[in-house]
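# Observations on the model geometry
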Amino acid sequence: MQNNDEHRHWHALSVQEVTRALESDEHGLTSEEAQARLAQYGPNRLPDAGRRGPLRRFLSQFNNVIIYLLMVAAVITGLLAHWLDTAVIAAVVIINTLIGFIQEGKAERALEAIRHMLSPQAVVLRDGHRRQIAATELVPGDIVLLQSGDKVPADLRLLRERDLRIEEAVLTGESEAVEKDVEAVAADAVVGDRLNMAFSSTLVVHGVGRGVVVGTGAETEIGRISAMLADIRTLQTPLTQQMARFGHYLSAFIVVFAALTFLFGWYARDYAPAEMFLIAVGLAVAAIPEGLPAIMTITLAIGVQRMAHRHAIIRRLPAVETLGSVTVICSDKTGTLTRNEMSVQCVALATRRYGVTGEGYTGVGAFVHAGAEIDPEQDADLMELLRAALLCNDARLDTHGSEVRLHGDPTEGALLSLALKGGYDRDEEHGRWPRVDAIPFESQHQFMATLHHDHEGHGVIYLKGAPEKVIAMCALQRTPEGEAPLDAAHWHSAVDDFASEGQRVLAIAYKRRAEHMTTVDFADVEDELVLLGLCGMMDPPRQEAVAAVRDCQSAGIRVKMITGDHALTASAIGARMNIGATGTALTGRDLEALDDQALEAKAQEHDVFARTSPEHKLRLVRALQARGEVVAMTGDGVNDAPALKRANIGIAMGIKGTEVTKEAAEMVLTDDNFASIAHAVEEGRTVYENIRKAILFILPTNGGQALVVLAAVLLGVVMPTTPAQILWVNMVTAVTLALALAFEPPESDIMRRPPRDPRAPLLSPYLIWRIGFVSVLLVAGTFSLFLWKEATAGLEAARAMAVNTLVMGQVFYLFSVRYVSAPSFTWEGLRGNRYVLYAVAATVALQLTFTYAPFMVTLFGIEPLPAEDWLLLIGFGVAVFVLVELEKAVVRGLRARAAPRGRRPARG
């Protein structure tokens, strides 16, 4: 047998060429030949991917700078014998590690899900006899028999077929079954156009067929997708990249800062080395934001919870924030932007056309002419067409509560729903005109015909099918004046009009017959039919998805449609949804002709891509990312999994998506609705803003404490706070005040802002200025009140004053930081987040316990403060709030003057 690799384009070869190349024939292989080929090619299963053991996966979770900082903090607190703090920090490390460990390996699970899709059994011809064997034993050259309900066990080149239709949604994303043929097609045909192929893991929904195995295991289309998944490296989210850089810079700064302080105190202030080491350790403890990873995790978790309420399930926490930086959403068409339910949009009669409203199979809708609804019963020609659509139909609609389920072909479901909109009742009409005989639809003759008799003895044949075929069979057309000679040019023009709008067209005709007629055959419908009209149908856009696309575009996010459907249909849907300014769709064949650089330009220029394969989708995602875009990719079929894994955030359909797609994605939509993506983007932006606010709140606490220690060393005075007191301040501000920021609601204009630049640093120059400014305010107030209290009441009381000064400054700063640059001195700014009020109350209670509870006084080595000192502490907090609000006002004014006319000032 010739090398399999020499014939990758099996679809381009004739049946004779394929069987000759595979050294097979209609009788199949012999058992001996099959065994030899099984030894040569191996079993028909996907190769196992090498996996890391659980221990290696667990240890790899510690490879994170933030985790390193936490572990350093745990070691330092352990050295200071503060075991409670050590235990808390260690718990944070373990929790973060476990979350990563559980989420690790989604690629392996995706590959495992693909393996489970393979068919377990196959019916083959061996030694000239029909046999059922395990699908894993199939080899190239085997002859496989297919029938309705079978899962295709390997990639087959079809040799024979009879009305064979196969659903290939797992590969192409399109749910409509494909009518198969045995004739060779172009070598460059995409998967969806290879009509003479049956692909592994697809489903036979109608007819029978016979094919020769041309690919098993990794050599199948689904095997190639599996290999692509294994080779794709999952990208880090913008937040994890930024936090990694931030952690590196912060840890380096803390180490250098502590070392310089140690050297300065030792050499310039004559501190003893042991004493200065403890001071340096205290400075490091002050500077490390121990609570930041926990706050980030909690903020992300709250975002996950909010998204779940809006039909978006997040599988990996960092993906929440990634949504906030998305610049491009690449969406599948069927079921995401559209309803995945065929619906008749237009009806053309001989002298007039009607628009049809209503979506899905509910049968609720109206007929529209010249912009106004009409009563269909006033048009006898229309009602006759609706009756024909109802009776020449094998579909059935069942109602389960508010849900309508279709049993049968989606096209027939659309026609059935159309008749219901005209007021017909299916059971009642079938009772009036019972079916006597039928010619079922087959691809060879492209129509279906049914014979009916009413109870008065009238007979009629109704026929529906491809318009070119049906028009050629008709001699007359139905008009308001009666039956008239057929105007074929008029009908072909109408077909072209419907097709140009991306609609699938069906023609409907009838023929009166005598009452004694009990059978119908092809001779009865070859001519003399009367054409009733045309129905143009399509899978219409979801109305909520149209609004969601508009919201995304106003938020500066481009929406691109990448579908396996035909270019004309994709362009029509894109136009209805305002996707694709160019008005044209690029096809997979167009993309194959472009090199990577040219593709990058086309990917930016065009928004609609049709007849795409998994490789095309993957190349498009990479091309967009090469231009600096943060890409979200939606999908439901196995063909989407590689692109979903490569995208910055993969979004799988929860209802109609495969398990492979869900495993490869970071987010799963429980309602398969594009509108839920827009809601998720809003939540993602809110999460990022809340994390940024938490950092903007926490770092001045650490900065203020570190500067207090540094100021004491520079001035050669006693430390205003001990390491234990510093840890107390960090704990109180993190678990109460900073945590409240995780619950901040979205700001009113958050979906009117452009996407943030993922390459921008986590802290802008302005935010660094704000952190420094507030840190200076805190250290100035803390040191001043410490020195005053030490002079009047001693060291223990002064340290109690210093700790409460730091905390009280942060309490009032919390109200200001709720809005980075907008004014906070508003009713909404003071009360808009009830969790802020809860956190302030909890903080005050903790500080009162710290200051007055005897065990706390003894533990921290302080003295209780007199009541009048709290007036000074509150006054300092108010001063911090006022000064930060004044700073905001000054910055807003400077930005307004610097911004060009007509543009909004940039946000901090």
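Everything discussed here concerns the structure shown above.
This one's a predicted model, so the numbers in the text were calculated from it and none came from an experiment.

## Side note on the overall build of the chain
In terms of helices and strands, the chain carries 32 helices and 28 strands. Classification of the 908 residues of the chain by burial places 58% in the buried group. Contacts spanning at least 24 positions in sequence make up 72% of the contacts within the chain whose residues lie at least 6 apart. Carbon together with sulfur atoms contributes 58% to the accessible area of the chain, which is approximately 36,800 Å² in total.

## Notes on the pattern of salt bridges
By the definition in use, this model includes 45 salt bridges. Here Arg432 and Glu429 are joined by a salt bridge, their closest N and O atoms 3.6 Å apart. Note that Arg432 and Glu429 are positioned in helix α15 (residues 426–432) at a spacing of three residues, about one turn of the helix. Overall, the relative accessible area of 43% leaves Arg432 in the partly exposed class. The residue Glu747 makes a salt bridge to Arg753 at a minimum N-O spacing of 3.0 Å. By the burial criterion, Glu747 is buried, and Arg753 matches it. Among the charged side chains, a network of salt bridges with common partners joins Glu384, Arg387, Glu428, Glu429, Arg432 and Arg512.

## Structural notes on the packing of aromatic side chains
Geometrically, a pair of aromatic rings is defined through the distance of the ring centres and the angle of the planes. Throughout the structure, instances matching the rule amount to 13 aromatic pairs. With centroids separated by 6.0 Å and ring planes inclined at 75°, the aromatic side chains of Phe447 and Phe522 adopt a geometry described as edge-to-face. You can see Phe447 sitting in strand β17 (residues 447–453) and its partner Phe522 sitting in the loop between β21 (504–513) and β22 (529–538), a full 75 residues away along the chain. Residue classification places Phe522 among the partly exposed positions, given a relative accessible area of 41%. Between the aromatic rings of Phe743 and Tyr835, the centroid separation amounts to 4.1 Å while the plane-to-plane angle is 20°, which identifies the pairing as stacked. With Phe743 in the loop between α26 (723–740) and α27 (765–793) and Tyr835 in helix α30 (residues 834–852), this pair connects stretches of sequence that are 92 residues apart.

## Some details on the nonpolar core
In terms of nonpolar packing, the biggest core is built from 130 residues, with Ile329, Met667, Phe674 and Phe697 touching the most fellow members. Looking at which element gives the most residues to this core, the answer is helix α25 (residues 674–715), with 22 residues. Those residues in contact with Phe697 that lie beyond four places of it in its chain are Thr733, Leu737, Ala738, Leu741, Gln810, Tyr813, Leu814 and Val817.

## Brief notes about helix α21 (residues 596–605)
Turning to α21, its buried residues are Leu599, Glu600, Ala603 and Gln604. Buried residues in α21, looked at end-on, bunch into an arc of 135°, giving them a common side. Each element contacted by the buried residues of α21 is listed here: β23 (558–562), α20 (588–592), β25 (608–610) and α22 (614–626).

## Observations concerning the packing of helix α28 (residues 795–817) against α30
Angle between the axes and distance between the axes are the two parameters that describe a pair of packed helices. The geometry of α28 relative to α30 is characterised by a closest axis approach of 11 Å and an angle of 175° between their N-to-C directions. Comparing their axes, α30 and α28 come out roughly antiparallel. Of α30, the residues touching α28 (which contributes Val803, Asn804, Val807, Val811, Leu814 and Phe815) are Val836, Leu837, Val840, Thr843, Gln847, Phe850 and Thr851. A class-by-class count of the residues in the contact of α28 with α30 yields nine nonpolar, four polar and no charged.

## Quick word on a negative patch on the surface
On the surface, Asp521, Glu526, Asp527 and Glu528 cluster together into a patch of negative charge. Within the secondary structure, Asp521 sits in the loop between β21 and β22. Given a relative accessible area of 39%, Asp521 falls into the partly exposed group.

## Considering the side chain of Thr634
In this structure, Thr634 sits in strand β26 (residues 631–635). Relative accessible area serves as the criterion here: at 0%, Thr634 is assigned to the buried category. Polar contacts involving the side chain of Thr634 include one to the main-chain amide nitrogen of Asp332, which spans 2.8 Å.

## Considerations on the packing of helix α18 (residues 543–554) against α25
At a closest axis distance of 7 Å, the pairing of α18 and α25 adopts a crossing angle of 35°. Classified by chirality, the crossing of α25 by α18 is left-handed. Of the residues in α25, those in contact with Glu544, Ala545, Ala548, Val549 and Cys552 of α18 are Phe674, Ala675 and Ala678. Taken together, the residues of the contact of α18 with α25 break down into seven nonpolar, no polar and one charged.

## A short note on the sheet that holds strand β24 (residues 586–587)
The strand order across the open sheet formed by eight strands is β8-β28-β27-β26-β9-β23-β25-β24, and the pairing between neighbours is mixed. Only two strands of the sheet have a single neighbouring strand rather than two, namely β8 (312–314) and β24. Across the sheet, α21 lies against β23, β24 and β25, angled at about 110° from β23, the strand it touches most. Relative to strand β9 (residues 328–331), α25 is tilted by about 160°, and along the sheet it contacts β8, β9, β23, β26, β27 (649–653) and β28 (667–669).

## Re the environment of Ala90
Inspection of the secondary structure assignment puts Ala90 in helix α5 (residues 83–103). The sequence separation of Ala90 and Val75 amounts to 15 residues, and the corresponding C-alpha distance is 9.4 Å.

## Looking at unusual backbone geometry
Positive phi outside glycine occurs at Asp127, with the angle close to 55°. The topology assignment puts Asp127 in the loop between β1 (121–126) and β2 (129–134). Unusually for a residue other than glycine, His311 sits at a positive phi of about 70°. Looking at the element boundaries, His311 is found in the loop between α11 (292–308) and β8. Classification of His311 as partly exposed rests on a relative accessible area of 39%.

## Considerations on the environment of Gly580
Mapped onto the secondary structure, Gly580 falls in the loop between α19 (567–576) and β24. Separated by 22 residues in the primary sequence, Gly580 and Arg558 have C-alpha atoms spaced 9.7 Å apart. Apart from the residues within four sequence positions on either side, Gly580 is in contact with Asp607 and Val608.

About the cut-offs
Residues numbered from 1 in each chain as written. Predicted model: local features only at pLDDT ≥ 70, side-chain atom pairs only at ≥ 80, totals over all residues. Heavy atoms only, no water. Helix = DSSP H or I, 4+ residues; strand = E, 2+ residues; numbered from the N terminus. Buried < 20%, exposed > 50% of the residue type's maximum accessible area, 1.4 Å probe, protein only. Contact = heavy atoms within 4.5 Å. Areas by Shrake-Rupley, 256 points an atom, 1.4 Å probe, with all protein chains shown as cover. Salt bridge = Lys/Arg side-chain N within 4 Å of Asp/Glu carboxyl O. Phe/Tyr/Trp six-rings, centres within 6.5 Å; stacked < 30°, edge-to-face > 60°. Core = buried A, V, L, I, M, F, W, Y, C linked by side-chain atoms within 4.5 Å. Arc of directions from axis to C-beta. Axes fitted to C-alpha atoms, helices over the stretch in contact; angles between N-to-C directions. Parallel < 35°, antiparallel > 145°, perpendicular 65-115°, else oblique. Nonpolar A, V, L, I, M, F, W, Y, C, P; charged D, E, K, R; others polar. Patch = residues over 30% accessible without salt bridge, like charges linked within 9 Å, V, L, I, M, F, W, Y side chains within 5 Å. Lys, Arg positive; Asp, Glu negative; His and termini not counted. Charge placed at Lys NZ, Arg CZ, Asp CG, Glu CD. Polar contact = N/O pair within 3.5 Å; in protein donor to acceptor, adjacent residues only side chain to side chain. Left-handed = near helix turned anticlockwise from the far one by under 90°. Pairing = 2+ DSSP bridges.

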